[in-house]
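# Reading the structure
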Amino acid sequence: MKNLWSDKEAAALEGDDLALRVYTSRLLGQEPSLVLHGGGNTSVKSTVKDIFGNDVETLFIKGSGWDLKTIEKEGFSPVRMDACLKLSALETLNDFEMVKQLRVALLDPAAPNGSIETLVHASIPYKFVDHTHADSVVVLTNSPEGKAKLQQTFPDFLILPYVMPGFDLAKQFDNAVKSAQLDGKKGVILSGHGIFTFAENAKDSYDRMIDAVTKAEELISELRTSDRVISVAKSVDHLALAKIRKKVSDLRGTAVTVKMDNTPEAVGYSERSDIADIATRGTLTPDHSIRTKRIPAVINGKAEEQLDAYAESYRQYFAENSTDEHTILDQAPRWAVWKEQGILSFGATRKEASQISDIAHHTANSIQDAESLGGWQPLSSKELFDIEYWELEQRKLKKGGSKPMLQGQIAIVTGAAAGIGRKCAEDLMSHGALVVGIDISPSIESFTGPNSLGLVCDIGKEDQLKSVVEKTVETFGGLDLIICNAGIFTAGEYVEDLDSNKWDLTLRINLTANQLLVKYAAPYLKEGIEPAVLFVGSRNVGAPGPGAAAYSVSKAGLTQLARVLAMELAPSGVRVNVIHPDAVFDTDLWTPEALARSAERYGMTVEQYKTRNLLSTEIKSTDIAEMCTALVGPLFNKTTGAQIPVDGGNDRII
Ligand code: ZN
């Protein structure tokens, strides 16, 4: 493992304990095989002056909710050392009381709660303490060959058996310190959990961590009898993927998104003949069980049955390990090994799916390493249950609050580079949906973000529509919502002057493209969560005018298509509705000059022209976007085949 310490960078921080603590914490945080997503913690002991001018011995410990990779000074909780040491000396202390007392001992009431391992850090009699859940260390402590060589390889480390984090672990350390077991040591290896290093300065403590982990990695290479299996990605079975996501969403009781890992390593793992055995023994480190549950599902062909079996075995695991105080959590897996396809990670949000995916990837690699060292031996199911159902952690999960209306739902919006389409896409995202925006303009690529994907697509081309649908399923796991917004408008030509190519193109883009998109999307929509299609029609359908035949006919055709689709897709639960907006002027299409020209043609001022409807109100693109979101959302989940005007009221239609 590469040592990232830089004398130059550190020199600028000399004399500032907390600044150096931030610096090396971030160095550790950059290495995912040391710490992942909030795992690991660090501390420094320092003296601060209180308001009365007294020196107070203080432990600055990584605060809960902060990530080592991005931690700042305010991410460290200042806790009074004397209180920590008194608490560690108690014979017993329940974890709730411990958290409460540590809160009372804070020097700043606005600081975050300190890490659950605060008392461990306090009891280690060194200034700097670094703690990680290094993959390689856990591989060694949890395999027979690794275990046998541990003490010999790490003579400067105290090796302790696994105990539950929290006060039990604090007590284990307190006893080790009091019986002088830490004397002359550079660190502690905790079986099944991770590693601590310590020193009087930031550099030594960090160096000791990197040296020890490098040694662990070297020992694994030396002892290993087989390599990780590497393979090549297969073509994705899109419909099977959408069905898996649907089933997992049903088991979890909320729409999930899927992050697929089909890297050569993940596919190789899924192809191992012993996968059903090695993948289902337990997590890499105990804290993972809170995010990933104890084990993933293994899917091999009959996904639905296998996911039901997973849920059943989860209920058994709960029954075997729970006491009265526990309430069973949902029985959906958080990740799955999908035979020959790779690894799937499920999350109610994209962030959750991505974090689980990282953990799953490291777990798959480490389990294979441990297998080649005589066999992967994780913690027992009881030990992992105690972490998964640890009240302290359950409370954190429950704090979530209410979820956004479209959380976990997956949408395609056409014509999303600008204007109404862009507003629709953004509005769906603001309600928790994951959105694929498509457009013929290359500027759509800038739409790509953590919860979105921008794809260039000419909707006039059938093969491009098909590939957009498949790319959506591959990226997010399925498809639930479609907003067909893209369209073209040619005005001012009477039928006798109308160019045939313009007529054909308008029908192709405004009508046929939508029929093709729904055609390719339908198999996935049928496996969707609360699926819905929305067509953006036009006020023109009910109140046409002269000189826009191609546009009016295409939108009338689109409306009829929606009515037919509403009937065809209703048995599968897919709703299809239409909105009919009147002209929207707050898009780039309408320059001030174009507006002035049009207003003049009608003998109106621009303001009069923009509000020429019964309510005398201007229709804005956000009005359309919010109506689109509402119509595909739960508010209208009993409505299909409907046409909703968003036009301020039109006497020709009413
Ligand atoms: Zn830990």
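Residues numbered from 1 in each chain as written. Predicted model: local features only at pLDDT ≥ 70, side-chain atom pairs only at ≥ 80, totals over all residues. Heavy atoms only, no water.

## Digging into the overall build of the protein
Scanning the protein for helices and strands turns up 25 helices and 18 strands. Projected onto the principal axes, the alpha-carbon positions of the protein cover approximately 100 × 65 × 50 Å. Among the 654 residues that make up the protein, the fraction classed as buried is 55%. For the protein, the accessible area works out to roughly 27,800 Å², and carbon and sulfur atoms hold 51% of it. Across the protein, the mean location of the 69 positive side-chain charges is 2 Å away from that of the 88 negative side-chain charges. (Helix = DSSP H or I, 4+ residues; strand = E, 2+ residues; numbered from the N terminus. Buried < 20%, exposed > 50% of the residue type's maximum accessible area, 1.4 Å probe, protein only. Areas by Shrake-Rupley, 256 points an atom, 1.4 Å probe, with all protein chains shown as cover. Lys, Arg positive; Asp, Glu negative; His and termini not counted. Charge placed at Lys NZ, Arg CZ, Asp CG, Glu CD.)

## Regarding the packing of helix H14 (residues 303-321) against helix H16 (residues 381-388)
At their nearest, the axes of H14 and H16 sit 10 Å apart, and the two run at 90 degrees to each other. Here H14 lies roughly perpendicular to H16, going by the angle between them. Contacts from Tyr 314, Tyr 317, Phe 318 and Asn 321 of H14 reach H16 at Ser 381, Lys 382, Leu 384, Phe 385 and Glu 388. Partitioned by chemical class, the residues of the contact of H14 with H16 number five nonpolar, two polar and two charged. (Axes fitted to C-alpha atoms, helices over the stretch in contact; angles between N-to-C directions. Parallel < 35°, antiparallel > 145°, perpendicular 65-115°, else oblique. Contact = heavy atoms within 4.5 Å. Nonpolar A, V, L, I, M, F, W, Y, C, P; charged D, E, K, R; others polar.)

## Quick word on the sheet that holds strand E15 (residues 481-484)
Each strand in a sheet pairs with another by means of backbone hydrogen bonds, the pair being arranged parallel or else antiparallel. Read from one edge of the open sheet, seven strands run E14-E13-E12-E15-E16-E17-E18, paired in parallel fashion. Edge positions in the open sheet fall to strand E14 (452-456) and strand E18 (643-646), since each of these has one partner strand only. Neighbour-to-neighbour, the strand axes of the sheet open up by a mean angle of 15 degrees, direction not taken into account. Two strands pair when backbone bridges link them, and E15 and strand E16 (residues 532-536) are joined in this way by four bridges, in the parallel orientation. Pairing of Ile 483 across the sheet is with Leu 534, part of E16. Helix-sheet contacts for helix H18 (residues 419-430) involve strand E12 (410-414), strand E13 (434-439), E14 and E15, and the interaxial angle to E12 is about 170 degrees. (Pairing = 2+ DSSP bridges.)

## Considerations on the domain arrangement of the protein
We note that the domain assignment places domain 1 (7-223), domain 2 (238-399) and domain 3 (410-646) within the protein. At the interface, 29 residues of domain 1 touch 29 residues of domain 2. Summed over both sides, the interface between domain 1 and domain 2 buries roughly 2,400 Å², with carbon and sulfur atoms accounting for 68% of that surface. One can count zero salt bridges joining domain 1 with domain 2. Summed over the shared surface of domain 1 and domain 2, the result is seven residue pairs in polar contact (both at pLDDT 80 or more). Split into classes, the residues belonging to the side of domain 1 that touches domain 2 amount to 14 nonpolar, eleven polar and four charged. (Domains from an automatic or database assignment. Buried area = accessible area lost by both parts, 1.4 Å probe. Salt bridge = Lys/Arg side-chain N within 4 Å of Asp/Glu carboxyl O. Polar contact = N/O pair within 3.5 Å; in protein donor to acceptor, adjacent residues only side chain to side chain.)

## Considering the coordination of the zinc ion
Donor atoms from the polypeptide that bind the zinc ion are Glu 117 (OE), His 131 (NE2), His 133 (NE2) and His 193 (NE2), placed at 2.1 to 2.7 Å. Classification of the site at the zinc ion as irregular follows from its four donor atoms and the range of 82 to 155 degrees in their angles at the metal. (Donors = N, O, S within 2.8 Å, 3.2 Å for Na, K, Ca; no water. Tetrahedral: all angles 85-135°; square planar, octahedral: opposite > 155°, others 65-115°.)

## Regarding the pairing of strand E2 (residues 55-62)
Of all eight residues in E2, six are buried; the element is thus mostly enclosed. Relative to E2, strand E1 (residues 41-49) is paired through seven bridges, and the arrangement is antiparallel. Bridging from a neighbouring strand, Lys 45 pairs with Leu 59 of E2. Counted between consecutive antiparallel strands, the loop separating E1 from E2 contains five residues, among which Gly 53 sits at a positive phi close to 85 degrees. When E2 meets strand E3 (residues 76-80), the two strands line up antiparallel, connected through five bridges. Along E3, the bridge assignment pairs Ile 61 with Ser 77.

## As for helix H4 (residues 95-104)
Along H4, the residues that are buried comprise Asp 95, Met 98 and Leu 102. For H4, the arc enclosing every buried residue in end-on projection is 50 degrees, short of the 170-degree limit, so these residues lie on one face. Exposed side chains of H4 directed beyond 90 degrees from the buried face belong to Lys 100 and Val 104. N-capping of H4 is provided by Asn 94, with a side-chain oxygen placed 3.0 Å from the backbone N of Phe 96. (Arc of directions from axis to C-beta.)

## Quick notes on the nonpolar core
As a rule of thumb, soluble globular proteins bury nonpolar side chains together. Ranked by internal contacts, the top residues of the largest apolar core, which has 60 residues, are Ile 244 and Phe 535. The greatest single-element share of this core, amounting to ten residues, is contributed by helix H20 (residues 500-525). No fewer than three residues from each of domain 2 (238-399) and domain 3 (410-646) sit in this core. Discounting residues that sit within four places of it in the chain, Phe 535 has contacts with Cys 484, Asn 514, Val 518, Leu 558, Leu 561, Ala 562, Leu 565, Val 576, Asn 577, Val 578 and Ile 579. (Core = buried A, V, L, I, M, F, W, Y, C linked by side-chain atoms within 4.5 Å.)

## Things to note about the pattern of salt bridges
Following the criterion strictly, the structure yields 33 salt bridges and no others. Between Asp 308 and Lys 247 there is a salt bridge, and its shortest N-O distance comes to 2.9 Å. Of this pair, Asp 308 sits in helix H14 while Lys 247 is found in helix H10 (residues 238-252), placing the two residues 61 residues apart along the sequence. A relative accessible area of 14% means that Lys 247 is categorised as buried. The partner of Glu 618 in a salt bridge is Lys 610, and the shortest N-O contact between them spans 3.8 Å. For the pair Glu 618 and Lys 610, one class covers both residues: buried. Connected through shared salt-bridge partners, Arg 224, Asp 227, Arg 228, Glu 265 and Asp 369 make up one network.

## Quick notes on unusual backbone geometry
You will see that Glu 340, though not glycine, has its phi angle at about 65 degrees, which is positive. Turning to its location among the elements, Glu 340 is positioned in the loop between strand E10 (335-338) and strand E11 (342-347). In this structure Glu 340 comes out as partly exposed when scored by relative accessible area, which is 44%. Residue Glu 530 is not a glycine yet carries a positive backbone phi of 45 degrees. Within the secondary structure, Glu 530 sits in the loop between H20 and E16.

## What to know about empty space enclosed by the protein
What the rule picks out here adds up to three cavities of 30 Å³ or more. Every residue lining the largest cavity is listed: Pro 32, Leu 34, Val 35, Leu 36, Gly 39, Gly 40, His 133, Asp 135, Leu 284, Thr 285, Asp 287 and His 288. Each residue belonging to the lining of the largest cavity can be placed in one class, and the counts come to five nonpolar, five polar and two charged. No fewer than three residues from each of domain 1 (7-223) and domain 2 (238-399) sit in the lining of the largest cavity. (1 Å grid on protein atoms, 1.4 Å probe; cavity = no way out; pocket = protein on both sides within 12 Å on 5 of 7 lines; lining within 4 Å. Points joined across faces, edges and corners; volume = space filled by probe spheres on them.)

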